[in-house]
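Notes for the structure review
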Amino acid sequence: PAQLLAAESEAQWRKRVSSTDEVAASDITEEVRFGREVAARVIARYGLYDDQQLMKYVNLVGRVLAMSTNRPELEFRFAVLKTDEINAYAAPGGYIFVTRGALAKMRDEAELAGVLAHEIGHVVEKHVVKELDIKGSDDSAVSGLARVIGGSSDSARLAFAQAVDKALDMLFKNGYKREDEAQADRDAVLFCALSGYEPTGLVRYFERINGVKGKQTEVLDKTHPSFEARIAWLNSAITQEGIDAGNYKINKDRFGEAMKQLN
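Structural notes, computed from the coordinates. Note that this is a predicted model, so its numbers are computed, not measured.

As for the environment of K166
Note that K166 resides in helix α8 (residues 154-174). Along the sequence, K166 and L132 sit 34 residues apart, while their C-alpha atoms lie 7.9 Å from each other.

This is the structure we're talking about:
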């Protein structure tokens, strides 16, 4: 009976994070192309942390989580940014970044999984794509900016560049909509549970960095709702979904081993 109940819960969780959107192949191509440009600009801002073993480890954790999403058409990529700022970023198409500063504040793999899962949620729910109307150049289903963004004319290139600037403003200045952040937090709980990670990892991480003030959290504080609000959303999601945190892994030792080279 317990196993049956667990299977039923898992089926419900998968249904909860399954999109019903019809996505054209041209839209996916454009999402990835757009996201690649946004990701390049994020990397240009901070630089990548030069540690292949750490990159491999973060990708291992991230790809386990990505397997529980409903975006099999995307190849998710994960990287560590060379900055002491505490933050994580997602670009459309599956490009996910976590900062060295954020990793330094984590205590186990479940916390890392929670942070990556939240960013995966933004990609899965297409928050930037929907906000900026990023679509392919197929005339059958697009209008306005979306109609020209996939083209090669001067106006198309200008529209593309302007959209990239707007996406970067979302990441670094204005933030996502409050409801989008809440949705990504709820998705993070489900992605972690479906992947076998303790879903309270993100709660513990938020509680720890809530006391950090100053330059390290400047962008994070400016672009996100309060930690109190987000902790409440996470705890509510864990309760509503009936997730028993006692049956999941945190992998503290493996995380500690991976972070030994962090400096």
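The rest of the description comes next.
Points about the packing of helix α5 (residues 109-124) against helix α10 (residues 201-209)
Direction vectors running N to C along α5 and α10 enclose 95°, while the axes themselves pass 7 Å from each other. Judged by the inter-axis angle, α5 sits roughly perpendicular to α10. Between α5, through A110, E111, G114, V115 and H118, and α10, the contact on the second element is made entirely by G201, L202, R204, Y205 and R208. Here the contact of α5 with α10 is built from residues that sort into four nonpolar, three polar and three charged.

Some points on the pattern of salt bridges
Enumeration according to the criterion identifies 17 salt bridges in this entry. R71 is paired through a salt bridge with E73; the nearest N and O atoms lie 2.4 Å apart. Between D169 and K173 there is a salt bridge, and its shortest N-O distance comes to 3.7 Å. Pair noted here: D169 and K173 are both in helix α8, with a separation of four residues, about one helical turn. Salt bridges linked by common partners bring D108, E111, E198, R204 and R208 together as one network.

Some thoughts on helix α12 (residues 227-240)
Over its 14 residues, α12 runs 20 Å from end to end, which matches the ideal 20 Å to within 8%, given 1.5 Å per residue. Those residues of α12 not exposed but buried are F227, A229, R230, I231, W233, L234, A237 and I238. Looking at the buried residues of α12, the elements they touch are α5, α9 (178-195), α10 and α11 (218-223).

Remarks on empty space enclosed by the protein
For the structure shown, the criterion picks out three cavities of 30 Å³ or more. Of the volumes computed, that of the largest cavity is approximately 110 Å³. Surrounding the largest cavity, N87, A88, V115, H118, E119, L202, Y205, F206, I209, L220, H224 and R230 form its lining. With four residues, the single largest contributor to the lining of the largest cavity is α10. Along its surface, the second largest cavity is lined by 13 residues, and A88, Y89, L171, Y176 and H224 are the ones closest to its centre. Listing elements by their share of the lining of the second largest cavity, those giving two or more residues are β2 (88-91), α5 and α8. Sorting elements by how many residues they give to the lining of the second largest cavity places α5 first, with three residues. Counted by class, the lining of the second largest cavity contains five nonpolar, six polar and two charged residues.

With respect to the nonpolar core
Counting 78 residues, the largest nonpolar core has F34, V42 and V98 as its most contacted members. Ignoring sequence-local partners within four residues, the contact set of F34 consists of P92, V128, L132, I134, F160, A163, V164 and A167.

Describing the sheet that holds strand β3 (residues 95-99)
Strand pairing in a sheet is mediated by backbone hydrogen bonds. Such pairs are either parallel or antiparallel. If you trace the three strands from one edge of the open sheet to the other, you get β1-β3-β2, paired in mixed fashion. Each edge of the open sheet carries a strand with a single partner, namely β1 (77-81) and β2. Strand after strand, the sheet turns through a mean of 20° between neighbouring axes, direction not considered. Two strands pair when backbone bridges link them, and β2 and β3 are joined in this way by four bridges, in the antiparallel orientation. Paired with Y89 across the two strands is F97, which belongs to β3. The strands touched by helix α2 (residues 25-46) are β1, β2 and β3; relative to β3, the strand with the most contacts, the crossing angle is about 20°. Across the sheet, helix α3 (residues 52-66) touches β1 and β3, and the angle it forms with β1 is around 135°.

Conventions used here
- Residues numbered from 1 in each chain as written.
- Predicted model: local features only at pLDDT ≥ 70, side-chain atom pairs only at ≥ 80, totals over all residues.
- Heavy atoms only, no water.
- Helix = DSSP H or I, 4+ residues; strand = E, 2+ residues; numbered from the N terminus.
- Axes fitted to C-alpha atoms, helices over the stretch in contact; angles between N-to-C directions.
- Parallel < 35°, antiparallel > 145°, perpendicular 65-115°, else oblique.
- Contact = heavy atoms within 4.5 Å.
- Nonpolar A, V, L, I, M, F, W, Y, C, P; charged D, E, K, R; others polar.
- Salt bridge = Lys/Arg side-chain N within 4 Å of Asp/Glu carboxyl O.
- Expected span 1.5 Å × (residues − 1).
- Buried < 20%, exposed > 50% of the residue type's maximum accessible area, 1.4 Å probe, protein only.
- 1 Å grid on protein atoms, 1.4 Å probe; cavity = no way out; pocket = protein on both sides within 12 Å on 5 of 7 lines; lining within 4 Å.
- Points joined across faces, edges and corners; volume = space filled by probe spheres on them.
- Core = buried A, V, L, I, M, F, W, Y, C linked by side-chain atoms within 4.5 Å.
- Pairing = 2+ DSSP bridges.

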